[in-house]
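Structural features, examined
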Amino acid sequence: MPTVVTDIQRTGPKLRDAFGQLGVATIHEAQNRTGLLSSDIRPIHPQDAIVGSAVTCSVAPGDNWMIHFAIEQCQEGDILVVAPTSPCTDGFIGELLAEAMKYRGVRGLVIDAGVRDTADLREIGFPVWARAISAQGTVKQTLGDVNLPLVCGGQLISPGDLVAADSDGIVVVAQQKCEMVLAEATKRHRDEIQKRREIVAGASTLDLYDLRQRAVESGLEFIPQVNL
């Protein structure tokens, strides 16, 4: 039965803001290289970066009826995550729905399908990550689900999970793992800052990452020259 869940537990604003200081790559590495959505879902404006709490929406192919219901459930700090029940690249969302989301404080859209009106989306400053750009419109005939777990970009996303997206991609962190992943990601971020300082000062990455000795132990040889 098609369902709209109206009361979900969201990732809290303090956690969202803390993750906002970190990049998708760092977050992904911090949770053992898991949670990364398909690289086929790309930003329509590469400079955009968002972190928010997922509101999920499952739609029939070529049908955006449920997106209207999903927007009604959105709050400040949310990211709308949309996935069709079978592959589709139609333009599910354009300027008007983006304006409706922006009014509610939605930080952006992640959709495993298509969008349109991209010039307008850039002009109003609404961040979007989409699998396709298509002028093909949609209908409103088939119901779906809002705020139930779904698979988007190959990853299971539950309502309220933390979603981060930037020019490198999109990553999801399950709510119950947010504090642990944040601690590890923050540590990695600080380590990267320190390594950057050392590299700028002339340090070799082979030594910083202990790659030289490991290579020798694995059989790498250094010789003065080779006669060909």
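Predicted model, so just to flag it, every value in this text is computed and none were measured. (Residues numbered from 1 in each chain as written. Predicted model: local features only at pLDDT ≥ 70, side-chain atom pairs only at ≥ 80, totals over all residues. Heavy atoms only, no water.)

Below, the discussion takes up unusual backbone geometry. Positive phi is not limited to glycine here, since Asn 32 has a value of about 60°. With respect to the helices and strands, Asn 32 occurs in the loop between helix H2 (24-30) and strand S1 (42-43). Although it is not a glycine, Asp 117 sits at a positive phi angle of roughly 55°. Secondary-structure assignment places Asp 117 in the loop between strand S5 (108-115) and helix H5 (118-124). (Helix = DSSP H or I, 4+ residues; strand = E, 2+ residues; numbered from the N terminus.)

All right, on to the UniProt feature "binding site: Mg(2+)" (unreviewed entry) in the protein then. Per the UniProt annotation, the sites labelled "binding site: Mg(2+)" (unreviewed entry) are Asp 117. Asp 117 sits in the partly exposed class, given a relative accessible area of 34%. Excluding residues within four positions of it along the chain, Asp 117 makes contact with Gly 94 and Glu 95. Within polar-contact distance, the side chain of Asp 117 engages the backbone nitrogen of Glu 95 at 3.0 Å. (UniProt positions renumbered as here; feature names shortened; annotations may be inferred. Buried < 20%, exposed > 50% of the residue type's maximum accessible area, 1.4 Å probe, protein only. Contact = heavy atoms within 4.5 Å. Polar contact = N/O pair within 3.5 Å; in protein donor to acceptor, adjacent residues only side chain to side chain.)

Another aspect to go through is the UniProt feature "binding site: substrate" (unreviewed entry) in the protein. With numbering matched to this structure, UniProt assigns "binding site: substrate" (unreviewed entry) to Gly 94, Glu 95, Leu 96, Leu 97 and Arg 116. The greatest C-alpha distance among the residues just named is 10.7 Å, despite their covering 23 residues of sequence, which places them together in space. Lining the largest pocket, out of the annotated residues just given, are Gly 94, Glu 95, Leu 96, Leu 97 and Arg 116. You can see Glu 95 is positioned in helix H4 (residues 95-103). Contacts of Glu 95, omitting those with residues within four sequence positions, involve Asp 117, Asp 120, Leu 121 and Ile 124. Inspection of the secondary structure puts Arg 116 in the loop between S5 and H5. Under the relative-accessibility criterion, Arg 116 is labelled partly exposed at 33%. With sequence-adjacent residues up to four places away left out, Arg 116 is seen in contact with Gly 91, Ile 93, Gly 94, Leu 121, Ser 134, Ala 135, Gln 136 and Gly 137. (1 Å grid on protein atoms, 1.4 Å probe; cavity = no way out; pocket = protein on both sides within 12 Å on 5 of 7 lines; lining within 4 Å.)

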